[in-house]
Amino acid sequence: MNIDVSVPLVAAGLIGGFATARYSGVRPLGGAVLAAAGVAAGRSWLARGTAVTGVLSAAYLGAFGISHPLAKKLGPWPSVLVVTGVAAGTTAAVLAAADRA
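Anyway, here's the lowdown on the structure attached to this text.

About the criteria used
- Residues numbered from 1 in each chain as written.
- Predicted model: local features only at pLDDT ≥ 70, side-chain atom pairs only at ≥ 80, totals over all residues.
- Heavy atoms only, no water.
- Salt bridge = Lys/Arg side-chain N within 4 Å of Asp/Glu carboxyl O.
- Helix = DSSP H or I, 4+ residues; strand = E, 2+ residues; numbered from the N terminus.
- Buried < 20%, exposed > 50% of the residue type's maximum accessible area, 1.4 Å probe, protein only.
- Axes fitted to C-alpha atoms, helices over the stretch in contact; angles between N-to-C directions.
- Parallel < 35°, antiparallel > 145°, perpendicular 65-115°, else oblique.
- Left-handed = near helix turned anticlockwise from the far one by under 90°.
- Contact = heavy atoms within 4.5 Å.
- Nonpolar A, V, L, I, M, F, W, Y, C, P; charged D, E, K, R; others polar.

### Thoughts on the pattern of salt bridges
Scanning the model with the defined rule gives 2 salt bridges in all. Of the charged contacts in the structure, one is a salt bridge between R48 and D4, with a shortest N-O distance of 3.0 Å. In this pair, R48 is assigned in the loop between α2 (27-45) and α3 (50-74) and D4 in the segment before α1 (6-24), connecting sequence segments 44 residues apart. Between D99 and R48 there is a salt bridge whose closest N-O contact spans 2.8 Å. Taken together, the positions of D99 in helix α4 (residues 76-100) and R48 in the loop between α2 and α3 put the pair 51 residues apart, joining distant regions of the chain. A relative accessible area of 25% means that R48 is categorised as partly exposed.

### As for the packing of α1 against α3
Between two packed helices, both the angle of their axes relative to each other and the distance between the axes serve to describe the pair. It is the contact of α1 with α3, at a shortest axis distance of 11 Å, that shows an interaxial angle of 25 degrees. Comparing the axis directions of α1 and α3 gives the class roughly parallel. Crossing geometry of α1 relative to α3 is assigned as right-handed. Every residue of α3 that contacts α1 at V10, G13 and L14 is listed here: Y60, A63 and F64. Classifying every residue of the contact of α1 with α3 gives 5 nonpolar, 1 polar and no charged.

Written out as C-alpha cells, the structure is:
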C-alpha cells in the first residue's frame, strides 16, 4: 500500500496544531500550523479533482471542529488523537478509492 504524502500531513496538522497552541499558549500559532499542513495536503488532493479535495478538506476541518466538543467528554489529547485517526483513515480511504477509479 502506497501512503499518500497527505495522510501524514493531516496527522501532523491536527496533532501539531494542537500541540503548538497548547504548549506555546498562542492559539493563532496552532491555527497557522493546522492551516499550513491543510494547504499542503490540499495541494496534493487537487490532482484527484475538486470533489476529492472538497470531501477531504471538509473531513480535515470537521475533525478540527469536532475535537473541541469531544474534548469535553474524553479530554484534550484523547480527543485530538481520536479525530486524527479518523481523519487520517478517511484520507487514506478516499484517496485509495479515487486512485482505483
